[in-house]
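Single-letter residue listing:
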Amino acid sequence: MKAIIESDQFNRTLKRMTHEIIERNEDLNKIILVGIERKGTPIAREIKVLIKQFEDVDVPLESLNINSHRDDHKKNTLDKSVFSNNINDHIIVLVDDVLCTGRSVRAAIDAIIDMGRPSKVELAVFVDRGHRELPIRADFVGKSIPTSKSEMVVVDYENRQVIIK
């Protein structure tokens, strides 16, 4: 195991990503943060806090279970998410910890589209490790880390570090 991001850099990365989201979205009141369960949600929650701290705007936060939309696991239709906010004509900032093949993001977009028609979907990931199987690209990237397919990238939110196993 090798730590490639430690606590200080972890915090700076989240702040930088938040500033990029703020800079690229003129009307923060149109944004809804959507964390992909389970590992994207804590990152989205922190981005929400930072937006409030930097801009004094309380953006809504939703958590998205993608199990019913995955193409690589048995689908469980009981796991569908329901948002408390209407997403129509809003900008969805979809948040996840690690972007690899793109299949989780595709499932998340399918789940979002099932709930309404956002004006735009943006993707924020803490780590982009490559190995895409679908044509998906993140709008906001904390760190790009080239890896081999045999390596595993873990965003350890509790200890504020990123580890390669």
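Our structure is the block above this text.
Everything numeric in this text was worked out from a predicted model, so none of it was measured.

(A) Quick peek at the sheet that holds strand 4 (residues 91–99). What the 5 strands build is an open sheet, ordered 3-2-4-5-6; its pairing is parallel. The open sheet terminates on both sides in strands that have one partner only, identified here as strand 3 (61–64) and strand 6 (140–144). Direction aside, neighbouring strands of the sheet carry axes that sit 25° apart on average. With 5 bridges connecting them, strand 2 (residues 31–36) and strand 4 associate as parallel partners. Considered in strand 4, the bridge of Ile-31 is made with Ile-91. Those strands touched by helix 3 (residues 103–115) are strand 2, strand 3, strand 4 and strand 5 (120–128), and its axis lies near 155° from that of strand 4.

(B) Spatial organisation of helix 2 (residues 40–55). If you check helix 2, its first and last C-alpha atoms are 22 Å apart, about what 16 residues at 1.5 Å a residue would give, namely 22 Å. Along its buried surface, helix 2 packs onto helix 1 (7–24), strand 2, strand 3, strand 4, strand 5 and strand 7 (153–156). Asp-56, located one to two residues past helix 2, shows a positive phi value of around 55°.

(C) Local environment of the packing of aromatic side chains. Following the criterion strictly, the structure yields 2 aromatic pairs and no others. Summarising the aromatic geometry, the rings of Phe-10 and Phe-126 are spaced 4.6 Å apart at their centres and angled 35° between planes, so their arrangement reads as tilted. Here the residue Phe-10 occupies a position in helix 1, and Phe-126 occupies one in strand 5, the gap between them amounting to 116 residues. Its relative accessible area of 0% is what places Phe-10 among the buried residues. Following the ring pairs from residue to residue traces out a cluster consisting of Phe-10, Phe-126 and Tyr-157. Positioned above the aromatic ring of Tyr-157 is the side chain of Arg-160, whose terminal nitrogen or guanidinium carbon lies 5.1 Å from the ring centre.

Calculation notes
- Residues numbered from 1 in each chain as written.
- Predicted model: local features only at pLDDT ≥ 70, side-chain atom pairs only at ≥ 80, totals over all residues.
- Heavy atoms only, no water.
- Pairing = 2+ DSSP bridges.
- Helix = DSSP H or I, 4+ residues; strand = E, 2+ residues; numbered from the N terminus.
- Axes fitted to C-alpha atoms, helices over the stretch in contact; angles between N-to-C directions.
- Contact = heavy atoms within 4.5 Å.
- Expected span 1.5 Å × (residues − 1).
- Phe/Tyr/Trp six-rings, centres within 6.5 Å; stacked < 30°, edge-to-face > 60°.
- Buried < 20%, exposed > 50% of the residue type's maximum accessible area, 1.4 Å probe, protein only.
- Lys NZ or Arg CZ within 6 Å of the ring centre and 35° of its normal.

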